[in-house]
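Summary of structural features
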Amino acid sequence: MMLKIVQAGEPVLRRRARDLTPEEMTSPAVRQLISLMRETMRDAPGVGLAAPQVGVDVRLAVIEDRAEYQAALSPEELAARERKPVDFHVIINPRLVVEDPEPVEFYEGCLSVSGFSALVRRPRAVRVEAFDENGQAVTLQARGWYARILQHEIDHLDGMLYIDRMEPRSFSTLDNHRRHWASRPLAEVRQALGLPSVGR
């Protein structure tokens, strides 16, 4: 069974989600939610899905960046994004700390802002302290694309969407992004959009 992914405008996407209690973390209901979220994320497909995106107001997200999702990118594009496969995992009640504040800018999309993409600047490296699906404390160190995924999903738990952080002039449909912008260097994109040049 797939869950419905709610879209921008749903109030649940704009509220700070509540923490799960230790008892809830390992409850049958939360285990079922995690299972359904994993299948929904894979079906979409996406690299992350936060509980508010399926209408559930709790601080939980699932993440997985499979190798097949990266197959269309060249080695140079993967290196620029610092993108590598990430195994499936769950984060509950996460706390995010920026480890390397150097801003890195790439196009982002979102399953809850379906059909669009925009440039978003995010810190290069983060640490996340959270609990896993067994209620065990975990610490995640992430750089590059994995750090971006974690920041994007934790934003959802705080009632934020990537459009709150985007470069507004870069906002585009996915079709137009593929047609006009995807293959161009970011410096060239910024110049074409009339944006000031910035470091990577």
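Each remark here, short or long, concerns the structure printed above.
Here the structure is a predicted model, which means the values were calculated and not measured.

Using the criterion set out here, one finds 26 salt bridges in the structure. The residue E167 makes a salt bridge to R190 at a minimum N-O spacing of 3.8 Å. Residue E167 is located in the loop between α4 (144-157) and β6 (172-173), and its partner R190 is located in helix α6 (residues 186-192); the two are separated by 23 residues in the primary sequence. For E167, a relative accessible area of 21% puts it in the partly exposed group. Given a relative accessible area of 6%, R190 falls into the buried group. Among the charged side chains, a network of salt bridges with common partners joins E82, D100, E102, R124 and R143.

Okay, the environment of S197 next. Positionally, S197 belongs in the segment after α6. Spatially, the C-alpha atom of S197 lies 6.4 Å from that of A187, the residues being 10 residues apart in sequence.

With 19 residues, the main nonpolar core has I63, I91, V128, Y146 and L150 as its most contacted residues. When residues of this core are traced back to their parent elements, those giving at least two are β2 (60-65), β3 (86-108), β4 (116-131), β5 (137-143) and α4. When residues in this core are grouped by element, the largest group, 7 residues, is from α4. Residues within four places of L150 in sequence aside, it is in contact with I63, I91, V126, V128, L140 and A142. Membership of the second largest hydrophobic core comes to 18 residues, among which are L20, I34, V58 and L60.

Conventions used here
- Residues numbered from 1 in each chain as written.
- Predicted model: local features only at pLDDT ≥ 70, side-chain atom pairs only at ≥ 80, totals over all residues.
- Heavy atoms only, no water.
- Salt bridge = Lys/Arg side-chain N within 4 Å of Asp/Glu carboxyl O.
- Helix = DSSP H or I, 4+ residues; strand = E, 2+ residues; numbered from the N terminus.
- Buried < 20%, exposed > 50% of the residue type's maximum accessible area, 1.4 Å probe, protein only.
- Core = buried A, V, L, I, M, F, W, Y, C linked by side-chain atoms within 4.5 Å.
- Contact = heavy atoms within 4.5 Å.

Spatial relationships are all this shows, so hold off on functional conclusions.
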